[in-house]
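One-letter residues, chain by chain:
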Amino acid sequence: MKKIASVLITAMLFALPVTPAFAQANHDTVKQKAQALASEMVSNYDVSGLQYAIMDHGSIVLSDSAGVYDKATKEPVTKDTMFGIGSVSKMHVSAATMMLADSNQIDIDKPLITYIKEFKMVDERYKEITPRMLMNHSSGLYGSHYGNSMLFDDNDTKNHDELLVKLQSEVLKSDPGEYSVYCNDGFQLLELLVERVSGLSYTEFIEQYISTPLDLDSTKTPLDSFDRERLAKTYFPGIDQALPVENANVLGTGGIYSTAEEVSKFAEVLIGNRTDILSEKSAKAMQNHEYRNGIWVSEETNIVNYGLGWDAVRLAPFSDYGITALSKGGDTVMYHAALTTLPDHDISIAVLSSGGSSIFNNAFASIVLLEYLKDKGMIKDILPEKTFEPSLKVEMPSEYLSYSGLYGSVGTTINIGIKNGEIDLPALSGGEIPPQKYVYTGNGQFKNKDGNVAISFDQQKNGKTYLKVNAYTNLPGLGQSVAVMYEYQKLDTNLLNQTTKKVWENRNGKSYYALDEKITSGFYLAPKVLNKNISVEMDHGYANGTKIVDENKAVNAVEIPMMNGRDAFDLNFYKLNHTEYLKIDGQSYISEDAIQPIYAGGSSICNIPFNGQAVWYKIDEKSANRVMTVEAPSSGGFAVYDVNGNVMNFSKASNNHSVVLPESGTIVFGGNPGDGFRINLKDK
């Protein structure tokens, strides 16, 4: 996932010998810096609880926390409080894969089908995918099957069990090995690989080969039996009490719980210090600069540069000091994590939180680790943040006008017009960079007014043209970060015939609502994940960033390395009993045209159909502003949204079965096949 770290320029490295005395040193400055940053995150970054630990040569030298374990009781977070670590879990499945390679049970450069016989896709190139490509994100897989993965008080293995079946009908977006772009499904396949080869469940493998030899009693998966009360409570705006326990049922890609001390202890395996678990050779191999094997941005100062499992094997700002830093971040819906380690110096830091973002955790990790290095005398000083001069516009060569046109990323398209050496762009980098104007400043670059963001156009060896963003951004109180990314890819015009054009014009602006997500899913708190609004670029023949093929199909159009080409999808529409549905990644969505208003009388019944799909209703003027009370079975639940998609109530999270219905909103009921709900409406 995305990372942010303090960005610093150059420094003199003092290579001092490390002795046990350093582990005994008084690190008051480091402790104070960490406490100040932790307070900042709790106060201003929506973090309810935070935990962090530094390990130096096998010893914990700093372990502390901030915020609360439970807002109701005000109990503090302790070193034994457990958190979900999200995609930091990818390091566990990567290590497990390399352990199998150590024992000669697999070869990471042999085809995956050697070990998972059932792995098949309609795209014949799948036979070229290797375990290495899964670990370095270069498999060519579309990205992520999120369906039924993040569940409250529910460790259903549906996502794990159905992945191979869903992949059978899917294609690749690029040749295996062509370039690396973040891919969750690759690590789910690694989980299956570990199970097939070892003969153990993945949970059993982690316990037997990682947790037991490392003496980790707090590193668990949702399928383990352990005291769930040890998990830090999680919260959501508008819901007064703590949420139910979140289970990330995608174990290989993001399903592990742990503590900061145990994550930093596990880092000893990853840097080659526990050769009884993982060989030094394999640990070194995981640090290879895998990102350089395919298409990538030319700049080396960055916060994303993939190894095997690692998000970064040359993490800025440490690279500016001549220090190799490895980094992995992770996010579930509710938990966030960061692990940064300096393999040449045997120092690691882990930062875990309830609320916030791995972006903030990574920033915290970098700042505190630099302070620790300074305290130990390993760097002379911490460098100042980079400053910029206001941009000065110069005359633009006329050939740059050819870069005007339609550009796409996963889920969206934009028209980029270059006029008088200026470009107006919407928000970039997931909203971290606001909409603004960029002017041509020479050397092929357009910069914003402040000069901290530069954009340019790269024509790569695959024949694609990319919009590249080189940005220094600031998180108030948490420092500065540099990131260089390909944001958009230039797209060719795709002319549609009149019949196809008319069909897609009728879909433009319509919403389609998820049917297959379990009602225990945390995604009901994030309806934009579940509900798809169709946006058609009619003149060029694209919809939601996909290329329209015919009346009912549009396919992924972008091949963007790094991050912005992740989680690609196709749009497949079909009709059943005159009702239009949309299918994405094997999940079905129903058209808003088929959704009926909820009955506005005093009492009604809703039943979940035999196929177990959710039931959606509209809130019209007859039912709006009335109080709805629902009698639901224990397996069932409902959610209510306002016209903008904001959650008004989600019963599985709030345990509240009464809500005032918002005008022009929607309601969804879910549960087991045959579940019945008694719905009562009354005036306020």
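Residues numbered from 1 in each chain as written. Predicted model: local features only at pLDDT ≥ 70, side-chain atom pairs only at ≥ 80, totals over all residues. Heavy atoms only, no water.

S.K.: What's the story with the overall build of the protein chain in this structure? I'm lost.
M.R.: The helix and strand inventory of the protein chain stands at 14 helices and 37 strands. Here the C-alpha atoms of the protein chain give a radius of gyration of 25 Å, agreeing with the 26 Å that 2.2 N^0.38 yields for 684 residues. The principal-axis extents of the C-alpha atoms in the protein chain amount to approximately 75 × 65 × 55 Å. Residues classed as buried in the protein chain amount to 60% of the 684 residues present. In the protein chain, of all internal contacts separated by at least 6 residues, the share reaching a separation of at least 24 is 68%. Just so you have it, the protein chain exposes about 26500 Å², and 47% of that area is on carbon and sulfur atoms. (Helix = DSSP H or I, 4+ residues; strand = E, 2+ residues; numbered from the N terminus. Rg over C-alpha atoms; globule rule 2.2 N^0.38 Å. Buried < 20%, exposed > 50% of the residue type's maximum accessible area, 1.4 Å probe, protein only. Contact = heavy atoms within 4.5 Å. Areas by Shrake-Rupley, 256 points an atom, 1.4 Å probe, with all protein chains shown as cover.)

S.K.: Quick question: what am I supposed to make of the pairing of strand β32 (residues 626–631) here?
M.R.: A regular strand places its side chains on the two faces of the sheet in alternate fashion. In the sheet, β32 pairs with strand β37 (residues 676–683) via six bridges, with the strands oriented antiparallel. Opposite Val630, over in β37, you have Ile679 as the bridge partner. Taken together, the three bridges between β32 and strand β35 (residues 658–660) define a ladder with antiparallel strand orientation. The residue of β35 that forms the bridge with Met628 is Val659. (Pairing = 2+ DSSP bridges.)

S.K.: Hey, could you run me through the packing of helix α2 (residues 28–44) against helix α11 (residues 358–375) in this one?
M.R.: A pair of packed helices is captured by two measures, namely the crossing angle of their axes and the spacing between those axes. It is at 9 Å that the axes of α2 and α11 come closest, and there the two elements cross at 165°. Taken together, the axes of α2 and α11 are roughly antiparallel relative to one another. The interaxial crossing formed by α2 with α11 has right-handed handedness. Contacts between α2 and α11 pair Thr29, Val30, Lys33, Ala34, Leu37, Ala38 and Met41 from the former with Phe360, Asn361, Phe364, Ile367, Val368, Glu371, Tyr372 and Asp375 from the latter. Residue composition of the contact of α2 with α11, grouped by class: ten nonpolar, two polar and three charged. (Axes fitted to C-alpha atoms, helices over the stretch in contact; angles between N-to-C directions. Parallel < 35°, antiparallel > 145°, perpendicular 65-115°, else oblique. Left-handed = near helix turned anticlockwise from the far one by under 90°. Nonpolar A, V, L, I, M, F, W, Y, C, P; charged D, E, K, R; others polar.)

S.K.: I tried to follow the nonpolar core on my own but got confused; where do I start?
M.R.: As a rule of thumb, nonpolar side chains are buried together in soluble globular proteins. Ranked by size, the top nonpolar core spans 129 residues in total, and within it Phe119, Leu189 and Phe364 carry the most contacts. At eleven residues, α11 tops the list of elements feeding residues into this core. Once residues within four sequence positions are removed from consideration, Leu189 is found in contact with Leu112, Ile116, Phe119, Leu134, Leu141, Leu163, Leu164 and Leu167. In this structure, Phe152, Val250, Leu530 and Ala543 belong to the second largest nonpolar core, which totals 40 residues. (Core = buried A, V, L, I, M, F, W, Y, C linked by side-chain atoms within 4.5 Å.)

S.K.: Even after reading the chapter, I still don't get the confidence of the model for the protein chain, so can you show me in this structure?
M.R.: Should pLDDT be low for a region, the predicted coordinates there are not to be read in detail. Looking at the protein chain, pLDDT values average 94 and 96% of them are 70 or higher. Here residues 1–25 is modelled with pLDDT under 50, and outside its nearest four sequence neighbours on either side it reaches 91 contacts, counting other chains as well. (pLDDT = per-residue confidence, 0-100.)

S.K.: Honestly, helix α12 (residues 498–507) in this entry has me stumped. Any pointers?
M.R.: Since the α-helix advances by 3.6 residues per turn, residues separated by three or four positions end up pointing in the same direction. Buried within α12 we find Thr500, Trp504 and Arg507. Relative to the axis of α12, the buried residues are bounded by an arc of 45° and lie together on one face. With respect to the buried face of α12, the exposed residues turned more than 90 degrees away are Gln498 and Lys502. For α12, the N-terminal cap is Asn497; the gap from its side-chain oxygen to the backbone nitrogen of Thr499 is 3.1 Å. Of the residues trailing α12, Gly509 is marked for its positive phi of about 85°. (Arc of directions from axis to C-beta. Polar contact = N/O pair within 3.5 Å; in protein donor to acceptor, adjacent residues only side chain to side chain.)

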